Amino acid sequence: MRVFGIDFTSRPTRRKPILCAEGRIEGAALVLKGLRAWDSFAPFEAMLASAGPWIAGMDFPFGLPRPFISAIGWPGDWAGYTRHAALLGRAGFRAALDGFRQGRPAGQREYRRAADVAAGAISPQKLYGVPVGLMYLEGAPRLLDSPVSIPLLKVGDPARVAIEAYPGCAVRQLIGRQPYKNDDPARQSPQHRAARQAVLEGLEAAGNPWGLHLKVGPADRALLLDDPGADRLDAVICAMQAAWAWQRPDYGLPADADPDEGWIADPSLCGKPC
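All of these numbers come straight from a predicted model, not from anything done at the bench. All chains use their own residue numbering, which begins from 1 and follows the written sequence. Where totals are concerned, whole chains, interfaces and linings use all residues; where local detail is concerned, this predicted model gives features only for residues with pLDDT of at least 70, and gives and counts side-chain atom pairs only at 80 or more. With hydrogens and water set aside, each side-chain value is computed from the structure's full complement of heavy atoms.

Caption draft 1: Spotlight on the pairing of strand β2 (residues 18-26). Only protein chains enter the area calculation, which uses a 1.4 Å probe; residues under 20% of their type maximum are buried, those over 50% are exposed, and those in between are partly exposed. Here a helix means four or more residues in a row that DSSP labels H or I, a strand means two or more in a row labelled E, and each is numbered from the N terminus. In terms of burial, β2 is largely enclosed, as seven of its nine residues are buried. Two strands pair under a simple rule: DSSP has to find at least two bridges between them. In the sheet, strand β1 (residues 2-7) pairs with β2 via six bridges, with the strands oriented antiparallel. Residue pairing across strands places F4 opposite E22, the latter belonging to β2. Inspection of the sheet shows β2 paired to strand β3 (residues 29-38) by nine bridges, in the antiparallel sense. The partner of E26 across the bridge, within β3, is A29. The loop that links β2 with its antiparallel partner β3 comprises two residues; one of these, G27, has a positive phi angle of about 65 degrees.

Caption draft 2: Seen up close, the pattern of salt bridges. Throughout this description, the term salt bridge denotes a Lys or Arg side-chain nitrogen within 4 Å of a carboxyl oxygen of Asp or Glu. This model, assessed by the stated rule, comprises 22 salt bridges. Between D183 and K16 there is a salt bridge whose closest N-O contact spans 3.6 Å. Taken as a pair, D183 in the loop between α6 (167-175) and α7 (190-204) and K16 in the loop between β1 and β2 lie far apart in primary sequence, 167 residues in all. Judged by relative accessible area, D183 falls into the partly exposed class, the value being 49%. For K16, a relative accessible area of 25% translates into the label partly exposed. For E26, the salt bridge identified is with K33, shortest N-O distance 3.4 Å. By relative accessible area, E26 is classed as partly exposed at 42%. K33 gets classed as partly exposed once you look at its relative accessible area, which sits at 48%. Among the charged side chains, a network of salt bridges with common partners joins E45, R90, E138 and R142.

Structure representation (structure tokens):
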């Protein structure tokens, strides 16, 4: 089975590209076959259109919180509010989210989905710092327009499946809350590299939480360890979460997952024996 892991960005450039890890499920292993960098959305769109079978784990929020959608008055279903957000464009979407926050009490300015709470992720309404709201805006409409199938959210080609991934909850299972990356060269340290090595060794170990051990060649291993921003490592983690989901009934989704918010695929969030 072919598996992709996507470390996404809302504005890909040569300096900060979308990173794609491609692997294969071979027996009890996820074998890394290559790492690619995309400095525009075109290769990402081409991957979504490529022939299956494959499954891809993607590190951006596929949906928005139900309380936000209800309060702002957008269409209540995933396809409807995602199409509405896309039609607003970046400026309109940003203005809508900024306007929504104004005058609202603390705790009701930026909601989190049930999956975000479970995974310890920030709100998909966040526009500053890590702008996951813009990642949703650039990623989810492209999924909507593609032929892929998305568990809970969209019925499409069953041979091309996209699942939401989140490296943060996977990393915490392996090394706790140790920092393992920093995009600022002045703040990178040997401790970050040691933490990346611990994460990589955890993925390679038999009996890890994802039920598959990672196999990586020497050249790719060096790339993963020596990438201080850890975008390549995060892409590999997304692939591992996707590979885990592929082998589970209902892609490891809990029975009560919200069909318009979506869910994050990881054994720690399954909510049942997985």
